[in-house]
Amino acid sequence: VFLGNGPSGICLSYLLSGYIPYFKRDSLHPHPILQRKLEEAPDVSILDQDLEYLSEGLEGRSHSPVALLFDTLQRPDTDFGGTAECVLTWWHETDRAVPHLVLGRNAPGGAWHSIEGSMVTLSRGEWMGLPDLPFKDWLKQKRRGLRNNRATAEDIAQYYQHYVMRKGLQKNFRCGTVVTSVRKVSAEGISNHTQKDLQENSDSLWNFNDKSTEVFQVDGFFKTVKGDKEPFSIYAENVVLATGTYDRPTWLGVKGENLSYVHHQLSALEEAVKNNSIGIMSDPVLIVGAGLTAADAILFAHHCNIPVIHVFRRRVTDPGLIFNQLPKMMYPEYHKVHQMMKEQSAACAGPYERYVSLPEHHVLSFGKDKKCIFQDKNGYQKVYKISMALVLTGSNPNLSFLPNNGIDLAMDSDQPVNPKRNPIDVDPFTYECTQEKGLYALGPLAGDNFVRFVQGGALAVASALLKKANKNPP
């Protein structure tokens, strides 16, 4: 059972549906050592090879060796602007399929359905694609091209839905499901008649391994067309956590943050503009944060001529600031926001109207009268009257369905799971949780935060589960 139907869950479903990757004969990988290793066993699928051996010595933009391996097999020299072809060929070996269910709240694509459709991705469009169906090819069929090599969130959400249908994976997907609890239970006394609700059309998942003494019980509810909630309980030897990190926006934890004019999602600003509750003549909108979502909010407000006060804790020149890591040519709009942050501080008027930047400031409180108090690094305070506030300082995964919110699974088991600072502790070559056998974590939960790199985790899990299910060729 997989929890989450975003790119991680879709990619793993593809691999466990009997789609097996092999090294394409006569293809040439630009990495000579990897090429030599791939030529050693061309008849053995990548899933059945030693992933640690294949990935040894690879370098790139991910800390995960398997993520780098699968990425470089699909897009050999993409980081250097090259266009070398994928060195994999895919075979559909139905006898190697492993029965599974993919549970998700939304349509396949996960959080991509919750992002404003016209938002342009940070990653290049071709990096958003899944195995054996290049994103660019799909976009060409729609007679569209990539703007500046990047894609809109709406395109990506549609592509992921199309991928599931095109690859025939839909029978494994159950959308409109909410999981409320995952826990280990004794396998004794669980009879097949307790397995119902969600697996009418799928092969039996419940032929438990004789050696299993414990299995996972997954409880939740299914939202019907009429809006009713139908409860379900399913049992599985293996559970994959692929729920991403989009669930719970981070709060500042300051006084007045729960007032009705303080929001934690960009969609609130879009909604307010749509229903004319804010406009050109309004008091400024406060935007807190210095990441890409905050930048998107600033660009949106700027486009609508809405005045903005922008508050963030870091220095503008801080190398940890995302804007200082993005190439200017590829990301002109984010470069523009960074320029505004530098040139338009409250201390000195710059060329950008209707925008004020307050670097190295933090919010002390939000008042009922919509007056907000800030403090700078020297302890000086400022008060501004605002129309609404957007606190856009990141988000955390919601793992409330796990015992102790999943904290026991994290690298630091005293702190909540956080994709950047404290991911779930997994084996790098199987992605199995070190603290809980049979439980796997993928994507942001395991520290892989880009679509191009979450797929390596899916490769690792598929390889491990095929070995467990004894579906490996002799």
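What this report covers is the structure whose coordinates are included nearby.

Cut-offs and rules
Residues numbered from 1 in each chain as written. Predicted model: local features only at pLDDT ≥ 70, side-chain atom pairs only at ≥ 80, totals over all residues. Heavy atoms only, no water. Pairing = 2+ DSSP bridges. Helix = DSSP H or I, 4+ residues; strand = E, 2+ residues; numbered from the N terminus. Axes fitted to C-alpha atoms, helices over the stretch in contact; angles between N-to-C directions. Core = buried A, V, L, I, M, F, W, Y, C linked by side-chain atoms within 4.5 Å. Buried < 20%, exposed > 50% of the residue type's maximum accessible area, 1.4 Å probe, protein only. Contact = heavy atoms within 4.5 Å. Expected span 1.5 Å × (residues − 1). Salt bridge = Lys/Arg side-chain N within 4 Å of Asp/Glu carboxyl O.

## Some points on the sheet that holds strand 19 (residues 381-385)
Next up, step 1: Reading across the sheet, the 3 strands line up as 17-18-19 and stay open at both edges, with antiparallel pairing between neighbours. Across the chains shown, the open sheet's two edge strands, defined by having one partner strand only, are strand 17 (361-366) and strand 19. Sheet twist, expressed as the average angle between the axes of neighbouring strands with direction ignored, equals 30°.
Next up, step 2: Judged from the 5 bridges that link them, strand 18 (residues 371-376) and strand 19 form a sheet pairing that is antiparallel. Within the sheet, the bridge partner assigned to Gln375 lies in strand 19 and is Gln381.

## Concerning the nonpolar core
Next up, step 1: Counting residues in hydrophobic clusters, the biggest one holds 84 residues, and the most contacted among them are Leu3, Leu12, Leu103, Val182, Val218, Leu241 and Ile424.
Next up, step 2: Ranked by residues supplied to this core, first place goes to helix 10 (residues 451-468) with 10 residues.
Next up, step 3: In contact with Leu12, other than residues within four places in its own chain, are Phe2, Val240, Leu442, Ala458, Val461 and Ala462.
Next up, step 4: Of all hydrophobic cores here, the second largest spans 31 residues; its members include Ala301, Val308, Val316 and Leu392.

## A short note on the sheet that holds strand 10 (residues 229-236)
Next up, step 1: If you trace the 3 strands from one edge of the open sheet to the other, you get 8-9-10, paired in antiparallel fashion. Looking at the sheet topology across the chains shown, the edges are occupied by strand 8 (177-186) and strand 10. Sheet twist, expressed as the average angle between the axes of neighbouring strands with direction ignored, equals 20°.
Next up, step 2: Bridge count for strand 9 (residues 214-223) against strand 10 is 8 bridges, and the pairing is antiparallel. Considered in strand 10, the bridge of Phe221 is made with Pro231.

## Points about helix 8 (residues 292-303)
Next up, step 1: The terminal C-alpha atoms of helix 8 lie 16 Å apart, and with 12 residues this matches the ideal 16 Å at 1.5 Å per residue to within 8%.
Next up, step 2: Of the positions making up helix 8, those classed as buried are Leu292, Ala294, Ala295, Asp296, Ala297, Ile298 and Ala301.
Next up, step 3: Asn305 lies just past helix 8 and shows a positive phi near 60°.

## Comments concerning the environment of Ala458
Next up, step 1: Assignment of secondary structure puts Ala458 in helix 10.
Next up, step 2: By relative accessible area, Ala458 is classed as buried at 0%.
Next up, step 3: Considered as a pair, Ala458 and Ala242 are 216 residues apart in the sequence and their alpha carbons are 9.8 Å apart.
Next up, step 4: In this structure, Ala458 is in contact with Ser8, Cys11, Leu12, Leu15 and Leu442, ignoring residues within four places of it in sequence.

## Points about helix 1 (residues 7-16)
Next up, step 1: By the criterion of burial, helix 1 is predominantly enclosed, with 10 of the 10 residues buried.
Next up, step 2: Taken together, the buried positions of helix 1 are occupied by Pro7, Ser8, Gly9, Ile10, Cys11, Leu12, Ser13, Tyr14, Leu15 and Leu16.
Next up, step 3: At the C-terminal side of helix 1, Gly18 shows a positive phi close to 90°.

## Considerations on the pattern of salt bridges
Next up, step 1: With the rule as written, the count across this model stands at 12 salt bridges.
Next up, step 2: The partner of Asp43 in a salt bridge is Arg25, and the shortest N-O contact between them spans 2.4 Å. Taken together, the residues span a long stretch of sequence, with Asp43 in the loop between helix 2 (32-40) and helix 3 (51-55) and Arg25 in the loop between strand 2 (19-23) and helix 2 at a distance of 18 residues.
Next up, step 3: According to the relative accessible area criterion, Asp43 is exposed, its value standing at 58%.
Next up, step 4: Linking Asp71 and Arg75 is a salt bridge whose minimum nitrogen-to-oxygen distance equals 3.2 Å. The exposure classification of Asp71 matches that of Arg75, with both residues buried.
Next up, step 5: Among the charged side chains, a salt-bridge network with shared partners connects Asp48, Glu93 and Arg96.

Everything listed here is a matter of geometry and, on its own, says nothing about what the molecule does.
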